[in-house]
There are 2 protein chains.
Amino acid sequence: MKLYSKAARHLVAVDCIIFGYDILEKEIKLLLYKRSIKPAKGKWSLAGGFVEDDESLDEAAYRILRKITGLDSVYLKQSHAYGDVKRDPGDRVISVSYFSLIALRNIKKEIAEKNGVHWRSLSRLPNLIFDHHEMVSRALSSLQAQVKVNPVGFELLPDKFTLVQLQCLYEAIYLRKMDKRNFRKKILLMNILEKLDEKETVTSKKGAYYYRFHEEKYDKLKKSGFYFNLDVN
Amino acid sequence: MKLYSKAARHLVAVDCIIFGYDILEKEIKLLLYKRSIKPAKGKWSLAGGFVEDDESLDEAAYRILRKITGLDSVYLKQSHAYGDVKRDPGDRVISVSYFSLIALRNIKKEIAEKNGVHWRSLSRLPNLIFDHHEMVSRALSSLQAQVKVNPVGFELLPDKFTLVQLQCLYEAIYLRKMDKRNFRKKILLMNILEKLDEKETVTSKKGAYYYRFHEEKYDKLKKSGFYFNLDVN
DNA sequence: CCAAAAGTGTTCGAATTACACCCATGA
DNA sequence: TCATGGGTGTAATTCGAACACTTTTGG
């Protein structure tokens, strides 16, 4: 049905802020690519695309994410809608931003490189087109708020990770150091991690035990009124 | 410029979740109106409208708010974008929701009634069209999160208010009772309220002192690293 | 004088912070 | 054997929760 025929129609895009965590460099990275169309062709940009007639906003975001990363089931959350009339010099485009968390290693290199995408450290971003910097900083705030209150940080890590790695991830997200003993105490007391027998022996001689996020435990706890909260000095 | 000529164009609307606080009934109310166009003509709806070519999303939301309430400078914050293909049976419409806080008394009755709008208690809402219920519940969550961390609750009260009124407002937002002594202790210790000499003597014989939100104090404190936090048992 | 609402402090327990040394191991 | 990173516990403090009586005054 087309009952609103007189109203204006707009180009609507989605832009994806794709966060990854580099476990070696201990840095949050962003997936950027060099824009292939005019205007601002060749400039650094978030991954984005126009919303089609037959897809929802969420579906559009997934489509773009899948196309660029080759990944299927990833954490994806709407962040904010940007609607300034002149935000895109190419035309009036309303854009809804999404942020996504992916484990760096999972991304298929070939697909990524074929699409001309690159991981760039959050702390040394190049200039981005349009209002993409604003999108990033808003998404980072959302990310910081999210990981405090939901166990989504694990999305950025491999299945098996050490407590040191987990802490480094949180430090990278919050841009500050945390106390090792307090951090470990808090996360372990939650009882949502499973300690494995295996050790990670690359970064230290002694080796650090691997842990795994135990989703069933977490779901059960959550149902019985438990709230994840990882907020340490 | 029109550089993206091949992409699909969409109707984009904004819908406003307008919260008011009824200081007498101690209830949060929502400004609803009876839809005047097909489909769902005559059904209860949020205040909304299509985004024009020459206005941003924020501007569109302000325009609608102004038209419906006659008010100019109100608290308005983007909440979420809704993009399901079939969310509106009239046509494919992408809608960005905004929530707004206004002091009930400020609204100009004539304008409101001329527009056929009505305040409805949040706890006994009628059926709303489309996905407007979801918009409301998401906006309520945002409101709850906001008033915890920012002094925006005052937007829902008159300039002068008593501590009892402030507490009742918080209780209405959180849907639970709070401890009187702890509440007062916490808000007063923040040192962002100004106690007036005047008393409110309608609801009690003794009378309750009026307070005012002292914005300058708050701004100063905020600059020096203070964080508003009103989270009481 | 009494009903009704405003106003006021203290105690207890839990959570958060601060803090420094031993352990295991490969080179 | 020693350098490197992993792992651990306790004391002090702060913060949040629970809780009940006095005050004022109009009718």
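In this report, we go over the structure that sits alongside the text. Being a predicted model, the structure only gives us computed values, none of them experimental. (Residues numbered from 1 in each chain as written. Chains lettered and ligands numbered in written order. Predicted model: local features only at pLDDT ≥ 70, side-chain atom pairs only at ≥ 80, totals over all residues. Heavy atoms only, no water.)

### Some points on the relation of the copies chain B and chain A
With an RMSD of 0.1 Å, chain B superimposes on chain A once it is rotated by 179 degrees and translated 0.0 Å along the axis. Taken together, the rotation and translation relating the two chain copies correspond to the operation of a two-fold axis. Counting the interface residues of chain B, we find that 100% of their copies in chain A are interface residues as well, pointing to one common contact surface. (Least-squares fit on C-alpha atoms with pLDDT ≥ 70 in both. Contact = heavy atoms within 4.5 Å.)

### Observations regarding the protein's contact with DNA strand C
For DNA strand C, the set of nearby residues contains 19 residues, the closest of which are N233(A), K180(B), R181(B), R184(B) and Y209(B). Those atoms of DNA strand C that come within 4 Å of the protein belong to sugar or phosphate at a rate of 45%. At a separation of 3.2 Å, a base nitrogen of DNA strand C approaches a polar side-chain atom of N182(A). The side chain of K185(A) places a nitrogen or oxygen atom 3.3 Å from a base oxygen of DNA strand C. Broken down by secondary-structure element, the contributors of at least two residues to the surface near DNA strand C are α5 (180–190) of chain A together with α5 (180–190) and β10 (208–213) of chain B. A per-class count over the surface near DNA strand C returns three nonpolar, five polar and eleven charged. (Near = heavy atom within 4 Å. Polar contact = N/O pair within 3.5 Å; in protein donor to acceptor, adjacent residues only side chain to side chain. Helix = DSSP H or I, 4+ residues; strand = E, 2+ residues; numbered from the N terminus. Nonpolar A, V, L, I, M, F, W, Y, C, P; charged D, E, K, R; others polar.)

### Describing the protein's contact with DNA strand D
Lining the immediate environment of DNA strand D, one finds 19 residues, of which K180(A), R184(A), K206(A), Y209(A) and N182(B) sit closest. Sugar plus phosphate, as a fraction of atoms of DNA strand D within 4 Å of the protein: 42%. When contributions to the surface near DNA strand D are tallied by element, the ones reaching two or more residues are α5 and β10 (208–213) of chain A together with α5 of chain B.

### Some remarks on the nonpolar core
By size, the foremost hydrophobic cluster in this structure holds 48 residues, and its most contacted members are V14(A), L57(A), V14(B) and L57(B). Sequence-distant contacts of V14(B), defined by excluding residues within four places in its chain, comprise A47(B), G48(B), G49(B), V51(B), L57(B), A60(B), A61(B), I64(B), S95(B), V96(B) and Y98(B). (Core = buried A, V, L, I, M, F, W, Y, C linked by side-chain atoms within 4.5 Å. Buried < 20%, exposed > 50% of the residue type's maximum accessible area, 1.4 Å probe, protein only.)

### Some thoughts on the environment of K160(B)
Residue and element names in this part refer to chain B. Along the chain, the position of K160 falls in strand β8 (residues 160–162). Since its relative accessible area comes to 30%, K160 is described here as partly exposed. The residues touching K160, leaving out its near neighbours within four places in the chain, are Q165, L196, E198, Y210 and Y211. There is a polar contact of 2.9 Å between the side chain of K160 and the side chain of E198.

### Structural notes on the packing of aromatic side chains
In the structure shown here, the tally under the stated rule is 18 aromatic pairs over all chains. The interplanar angle of 55 degrees and the centroid separation of 5.1 Å between the aromatic rings of Y4(A) and F50(B) together place this pair among those described as tilted. Taken together, the positions of Y4(A) in the segment before β1 (9–22) and F50(B) in strand β4 (residues 47–50) put the pair across two chains. Centroid distance F154(A) to F161(A): 5.4 Å. Interplanar angle 25 degrees. Geometry classified as stacked. Grouping aromatic residues by their ring pairs yields a cluster made of F154(A), F161(A), F213(A), Y218(A) and F226(A). Positioned above the aromatic ring of Y209(B), the side-chain terminus of K199(B) is 4.7 Å from the ring centre. (Phe/Tyr/Trp six-rings, centres within 6.5 Å; stacked < 30°, edge-to-face > 60°. Lys NZ or Arg CZ within 6 Å of the ring centre and 35° of its normal.)

### Some points on the sheet that holds strand β8 (residues 160–162) of chain A
Two modes of strand pairing occur in sheets, parallel and antiparallel, and in both the strands are linked by backbone hydrogen bonds. All names here are of chain A. If you walk across this open sheet you meet the three strands as β8-β10-β9, and the pairing is antiparallel. Where the open sheet ends on each side, the last strands, each with one partner, are β8 and β9 (193–200). Neighbour-to-neighbour, the strand axes of this sheet turn through a mean angle of 45 degrees, independent of strand direction. As judged from the five bridges shared by β9 and β10, these two strands associate in the antiparallel manner. Looking across to β10, one finds that K195 is bridged to Y211. (Pairing = 2+ DSSP bridges. Axes fitted to C-alpha atoms, helices over the stretch in contact; angles between N-to-C directions.)

### Points about the environment of Q167(B)
Residue and element names in this part refer to chain B. Tracing the chain through its elements places Q167 in helix α4 (residues 163–174). Taking the relative accessible area as the measure of exposure, Q167 reaches 7% and is therefore buried. Each C-alpha atom, one on Q167 and one on L104, is 17 Å from the other, the two residues being 63 residues apart in sequence. Dropping the residues within four chain positions of it, Q167 is found in contact with M178, D179, K180 and F183.

### Observations regarding the side chain of E200(A)
Residue and element names in this part refer to chain A. Within the secondary structure, E200 sits in strand β9. A polar side-chain atom of E200 sits 2.9 Å from a polar atom in the side chain of T203. The contacts of E200, once residues within four sequence positions are left out, are T162, Q165, G207, A208 and Y210.

### A short note on the interface of chain B and chain A
Residue-level contacts link 38 residues of chain B with 38 residues of chain A. Buried surface at the junction of chain B and chain A, both sides included, amounts to about 3,200 Å², of which 58% is carbon and sulfur. One salt bridge connects D91(B) with R9(A), and the closest N-O pair in it is separated by 3.0 Å. On the surface where chain B and chain A come into contact, there are 22 residue pairs in polar contact (both at pLDDT 80 or more). Listing elements by their share of the side of chain B that touches chain A, those giving two or more residues are β1 (9–22), β5 (75–82) and β6 (93–103) of chain B. For the side of chain B that touches chain A, the residue count by class is 20 nonpolar, six polar and twelve charged. (Buried area = accessible area lost by both parts, 1.4 Å probe. Salt bridge = Lys/Arg side-chain N within 4 Å of Asp/Glu carboxyl O.)

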